[in-house]
Amino acid sequence: MKKNEGLARLQHTVPTLIGLVTVFHNGQVPEISLGPAYDSEFLRWTGVAVTVAGHAFSVWARRHLGKYWSGTVALKENHKIVDTGPYALVRHPIYTGLLLAAFGSAMAAGTIEALIGVTIMLPAYWVKWRREEKIMLSEFGPAYEAYRNRTKAIIPYLL
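Residues numbered from 1 in each chain as written. Predicted model: local features only at pLDDT ≥ 70, side-chain atom pairs only at ≥ 80, totals over all residues. Heavy atoms only, no water.

## So, the packing of aromatic side chains
Working step 1: One pass over the structure, following the stated rule, counts three aromatic pairs.
Working step 2: Arranged with centres 5.2 Å apart and planes meeting at 55 degrees, the rings of Tyr-95 and Tyr-125 form a pair that is tilted. Of this pair, Tyr-95 sits in helix α3 (residues 93-109) while Tyr-125 sits in helix α4 (residues 112-140), placing them 30 residues apart in sequence. A single burial state applies to Tyr-95 and to Tyr-125, both of which are buried.
Working step 3: Ring geometry for Tyr-144 and Tyr-147: centres 5.7 Å apart, planes at 65 degrees, overall edge-to-face. With Tyr-144 and Tyr-147 both in helix α5 (residues 142-150), this residue pair falls three residues apart, about one helical turn. Neither residue differs from the other here; Tyr-144 and Tyr-147 are each classed as buried. (Phe/Tyr/Trp six-rings, centres within 6.5 Å; stacked < 30°, edge-to-face > 60°. Helix = DSSP H or I, 4+ residues; strand = E, 2+ residues; numbered from the N terminus. Buried < 20%, exposed > 50% of the residue type's maximum accessible area, 1.4 Å probe, protein only.)

Below, the structure written as structure tokens:
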């Protein structure tokens, strides 16, 4: 491994964990529950479908990335830019899938705190993907800049 994020990992790990606990809190401690956001079986089951789709997209991206995947922000030996498969749609498809799954889980939970949890997680992932992009730009320069110019970060055609 050529570069690793070290303690900077806490900048996204801690908010992500807080977000996950908030998403999956599901009113277990009534004293801190903000109550239901809605009461709709259709939205709950739509949330389940969105969760499954998000996880499937993340798994596809992880498998497609293969040996270049790392749980931390890092470059592997002989690293290259992967811009095929899900990486042709967005630069960070694993994060896209995980955030989509978290949003679906919040929909399925149907609580205000679950929806707040997703809003806590989004900036945490933003910090992480910005860190990754800085490393990729320093390593690959114009080639990565060209990839950035033609591919959105997490939402195809938008963001």
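The rest of the description comes next.
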